[in-house]
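Residue strings, one per chain:
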Amino acid sequence: MVTSLAVGYAMAGALDIPAMIGMMIGGMMGLMSAFAVAENTWQRLTRAILWMPFPYSAVLWLAAELHDDRRLEIGLMVGALALTFFLARFGQMYLLTGMMLFNGLMVGMMANIPAGMSGKALLVALVSAAAVLGTRLLLCFPMPREDLLRTQRAFVVEARRVADAAVEALDPDADQERAVRRMTRALRRLNVTTVTIDGRLAQPEVAADPDMAELLHRHLFDAELALRGIGRAVQDLTGLPVDPHLREALVVGLVVARDTPLGSAQGLRPAAEIIRRQADAALNGPDAASRRAEAVEPAYRVAQLLDSLAGSLSHWLALGWSSPQSPAKVPFQPTVALERDRPAGSAAATRRVLAAGTETSWRRVVPFLRAPLHAGVAAAIVCPITDAIDPQRFYWGLVGVMITLFGTNTTHERLRKFGHRMTGTVIGAVIGIALLHLVGHGHVYVMLTIIVAGITLGAWGMQRAYALWVVGLVVALVQLYGLTTPDAGMDHLLGERLLDNGLGILIATLCAAVIFPLSGRRITREAERGYVSAVDDLVSQLALRWEDPDAPVRLRGAARALDSALFQVVSLVRPLVRMPLGVRGRDADNRTALLTTATGHARALAAAADIDIDLAPRQAERFTRITTVLTGSLRALDHALATGEPEESWQRVSPLVRELKAELDTAPSGPRAERIRTALRELAALDDSLAGYAERCGLTVRSASPQGIVSSPMERRTQALVAEWGTRRAPRNAAASERSATVSATAGPGTGTASPERVLPVRPPTSAMPSGGVAVTVAGSIRCDRHPAGCAGWITVINGRGKRVAAGSVQSGRYRVDGLRPGPHTLIVSASAHAPHAELLSVPSAGGTGRIDHDMWL
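**Here's the deal with the overall build of the protein**
Regarding its fold elements, the protein presents 29 helices and 14 strands. A burial count over the protein gives 50% of its 858 residues as buried. Counting only contacts in the protein whose residues sit at least 6 apart along the sequence, the fraction spanning at least 24 positions is 77%. Of the accessible surface of the protein, which amounts to about 39000 Å², a share of 60% is contributed by carbon and sulfur atoms.

Structure representation (structure tokens):
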């Protein structure tokens, strides 16, 4: 902003045009560069910034030519705003073009720039843009390695905040409730920071050094897991009487963790040893009371987690310092997991709901026209109203329409933005007028300093609360208004701005709620379905990891996907106004709390289960049954969320998991055995949390018996009808039954010809099931000539009626889907490097739970 304003002022003097016009044109280049151009290479940065002056200057000339035709001028502004939202569908450069067109029309109307000055305006814009580009390349040159090191420092800052909150919580004289709240906020900020960093780290599949990229993800995940465990252990200690010497040792250890320099993370190990020794003394001392002995177990946990944190943090930081100098090889690139450098919110779920309802006929154009129609209709309603209020500043209503529809997806989000806008405008007006009276109108450089400082502080606060940005913006604008508006008219001017902005926001919100509306409840359910799908992927990868130790699965990555899915759910269920306890409408909070608890158990499960194991055949069969039943429950929950009709039940596997754990407890102890027990304990806790969530969603919760799955009444009736129908049709369909275990598939790599039918082997059943019911697992590999190591993608299974019954990810060519019923199915493989590929699969009617091994060639 400083560069663009200074260059605009200098160019105005050199070209003999009003200084205000030069600074408005140059300042727009700086403002849009800061807010709309976020590229990670100097080539993209140059292309985007140097493109801005051309659409901007072109519409300055157009605005000057149409200045005498008021209706056409207003109509053009409405069309430009709708065009901006339409172009946003096609990428960053198109969005930037639309925004520059709209801004150029707005500035041209505000400043009344004559048509003869258009050439000079283009020259000012070009020079200002070039100066802004030079400033960014000089002071903010894209440096992936330095960005990686900077985010590592950001993580350490959040880790120190957690340690500091833990030290305060252990203070016996501190307010325990306040300390726990502070700890909760610190852990939440740590999670947001970690998910953001993880989203910017390159995935191993696309990184120049896949091993290094995978280690960065793993150590970051483990470091956050250790810190969250420390936070929970300290929260447990706040409610227990702690031996004074043990408390002192804990405080010393946490202070060491807080104050340890970046390069000395291994220094946490001595602090952990001090805590461990003092815990031994407190447990074995002659005066150890039973209540005080309860505090020893959380203290041991803190010591163990400090050891784990020392290893994970030191390795993660060392990987950053040893990363290659070449920008192309640094595993630190933005990914699609983030939106505007923050964890994805409601946008992903909104896009899925919109796409699901617009797949046929004329509705295919709805995703492209929905936002432009919202903007165009709202602007067409707002402009006549605000033009009647003040013809010179009617565009304030358009600004309200634009800011409402950008970055919001639900009515709650738009109303929340309305509240932030109004509150920020009032506070900013009070501060801005006070500064204007204090400085006066004659100190131009001081006013410019306030303008830049206001926008800077507002930009800093934008990601924390939208109202902070509005405060900074209004403080800056008051200084600008003070150049032309007397003090007596400032209150009226700012009140008019507040009214016009508010009208624009409310009318845009109403249009979005009426034109091709999307139910907020439906979007929330879609976000919850995304969470259930992420859990399904984690369980599938866990089953594959323990079944085949060489399978290239990423359990920590699957658990991190749960974090991202949880952010989407939380962003949608957050209420507009927090109501007091005891009123209706708290169900969303309870469901979110259950999902938050489940996410914590999923993180611990992913970290503990990522080991090579060799279960005995009987134990392996029991574990396969556990994952199969859990996957089936997740599919039932997904169906209930999709249709709103909970037809099936949730089969709890936690009793089966605890039985398996009790059987494994008799095995010799050791680090690996302890991790297996931890993994099973967390799997049982995950099932318990999800069972509570499923019950909130209307599903009946039952326990899965060792002999078979207890089906729902509707399922039993369906099975009985199918069995009766099969008995009546048996004589007629004997030949068809003989062919039911065959597959008609396209065979041969790279060919599209049909191959002979082949018989799929079905493993012997592992447990008996009710008559007519079967749950079959299909697993195998996806292969092609171009990718010998295996392809990545997704697999979808649809039944004979065209309904999706299962889905799963393909990790390095391996896949697994569970819970298929007898009958014909179609397996569809979608891979980024290939066209979609489908094969027919007929699941045989065999008693018990079976497995089909099915390999496919692309």
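**Here's the deal with the packing of helix α18 (residues 411–439) against helix α21 (residues 487–514)**
At a minimum axis separation of 10 Å, α18 and α21 run at an interaxial angle of 170 degrees. In this view, α18 runs roughly antiparallel relative to α21, as classed from their interaxial angle.

**Observations regarding the side chain of T410**
Mapped onto the secondary structure, T410 falls in the loop between α17 (395–405) and α18. With residues up to four places along the chain from it excluded, the contact list for T410 reads I523 and L572.

**A short note on the packing of aromatic side chains**
Across all of its chains, the model carries 10 aromatic pairs by this definition. Chaining the aromatic ring pairs together yields one cluster made of F86, F90, Y94 and F368. One cation-aromatic arrangement involves R89 over F368; the distance from NZ or CZ to the ring centre is 4.9 Å. Across the ring face of Y466, the terminal group of K417 is positioned such that the distance to the ring centre comes to 5.0 Å.

**A word on the pattern of salt bridges**
Taken as a whole, this structure holds 37 salt bridges when the rule is applied. For the salt bridge of D390 with R393, the shortest nitrogen-to-oxygen distance reads 3.2 Å. For D638, the salt bridge identified is with R529, shortest N-O distance 2.9 Å. In this pair, D638 is assigned in helix α25 (residues 617–643) and R529 in helix α22 (residues 520–547), connecting sequence segments 109 residues apart. Each of D164, E168, R178, R182, R258 and D259 takes part in one network of salt bridges that share partners.

**Points about the environment of Y395**
Tracing the backbone through its elements, the reader meets Y395 in helix α17. Taking the C-alpha atoms as reference points, Y395 and A379, 16 residues apart in sequence, are found 9.5 Å from one another. Y395 has contacts with M106 and M110, leaving out every residue within four places of it along the chain.

**A closer look at the side chain of T84**
Relative to the elements of secondary structure, T84 occurs in helix α5 (residues 70–87). Residue T84 is classed as buried on the basis of its relative accessible area of 1%. Here A80 takes part through its backbone oxygen, which lies 2.9 Å from a polar atom of the side chain of T84. A distance of 2.9 Å separates a polar side-chain atom of T84 from the backbone oxygen of G98.

**Examining the packing of helix α19 (residues 444–462) against helix α20 (residues 466–481)**
Taken N-terminus to C-terminus, the directions of α19 and α20 make an angle of 170 degrees; their axes are 7 Å apart at the nearest point. As far as their axial angle goes, α20 and α19 are roughly antiparallel. Residues M447, I450, I451, G454, I455, G458, A459, G461 and M462 of α19 form the contact with α20, whose participating residues are Y466, L468, W469, G472, L473, V475, A476, Q479 and L480. Along the lines of polarity and charge, the residues of the contact of α19 with α20 split into 13 nonpolar, 5 polar and no charged.

**Concerning a nonpolar patch on the surface**
Residues F90, Y94, W362, V365, F368, L369, L373, V377, I381, I385, I389 and L499 make up a contiguous nonpolar surface patch of roughly 1000 Å² in combined accessible area. Of all the elements, helix α16 (residues 366–389) adds the most residues to the nonpolar patch, at 7 residues.

**Thoughts on unusual backbone geometry**
The backbone of D16 shows a phi angle near 60 degrees, a positive value even though the residue is not glycine. Here D16 is to be found in the loop between α1 (2–15) and α2 (19–36). Not every positive phi belongs to a glycine, and F516 is a case in point at roughly 45 degrees. For F516, the location among the structural elements is in the loop between α21 and α22.

**Re the environment of G75**
As for its position among the elements, G75 is in helix α5. When its relative accessible area of 41% is taken as the criterion, G75 is described as partly exposed. Linking G75 and A379, residues 304 residues apart in sequence, is a C-alpha distance of 9.2 Å.

**Quick notes on the nonpolar core**
Within the largest apolar cluster, 65 residues are counted, with the highest numbers of intra-cluster contacts made by Y531, W546, L637 and W650. Among the secondary structure elements, those contributing two or more residues to this core are α10 (210–237), α15 (347–356), α22, α23 (555–573), α24 (587–609), α25, α26 (654–664) and α27 (671–696). Ranked by size, the runner-up nonpolar core spans 56 residues in total, among them A379, M447, V470 and L477.

**Some points on α16**
Compared with the 34 Å implied by 1.5 Å per residue over 24 residues, the 34 Å span of α16 between its first and last C-alpha is a close match. At V382, α16 is deflected by roughly 25 degrees, the largest bend along its length, and proline P384 occurs up to four residues later in sequence.

**Structural notes on the environment of G495**
Tracing the sequence through the fold places G495 in helix α21. In the structure, G495 is positioned 69 residues away from V426 in sequence and 8.8 Å away in space, judged by C-alpha atoms.

**What about the confidence of the model for the protein?**
Residue-level pLDDT values for the protein average 79, and 83% of them are 70 or greater. Considering only residues more than four positions removed or in separate chains, one finds that residues 721–773, a stretch of pLDDT under 50, has 80 contacts.

Scoring rules and cut-offs
- Residues numbered from 1 in each chain as written.
- Predicted model: local features only at pLDDT ≥ 70, side-chain atom pairs only at ≥ 80, totals over all residues.
- Heavy atoms only, no water.
- Helix = DSSP H or I, 4+ residues; strand = E, 2+ residues; numbered from the N terminus.
- Buried < 20%, exposed > 50% of the residue type's maximum accessible area, 1.4 Å probe, protein only.
- Contact = heavy atoms within 4.5 Å.
- Areas by Shrake-Rupley, 256 points an atom, 1.4 Å probe, with all protein chains shown as cover.
- Axes fitted to C-alpha atoms, helices over the stretch in contact; angles between N-to-C directions.
- Parallel < 35°, antiparallel > 145°, perpendicular 65-115°, else oblique.
- Phe/Tyr/Trp six-rings, centres within 6.5 Å; stacked < 30°, edge-to-face > 60°.
- Lys NZ or Arg CZ within 6 Å of the ring centre and 35° of its normal.
- Salt bridge = Lys/Arg side-chain N within 4 Å of Asp/Glu carboxyl O.
- Polar contact = N/O pair within 3.5 Å; in protein donor to acceptor, adjacent residues only side chain to side chain.
- Nonpolar A, V, L, I, M, F, W, Y, C, P; charged D, E, K, R; others polar.
- Patch = residues over 30% accessible without salt bridge, like charges linked within 9 Å, V, L, I, M, F, W, Y side chains within 5 Å.
- Core = buried A, V, L, I, M, F, W, Y, C linked by side-chain atoms within 4.5 Å.
- Expected span 1.5 Å × (residues − 1).
- Bend = angle between axes of the 7 residues up to and from the residue.
- pLDDT = per-residue confidence, 0-100.

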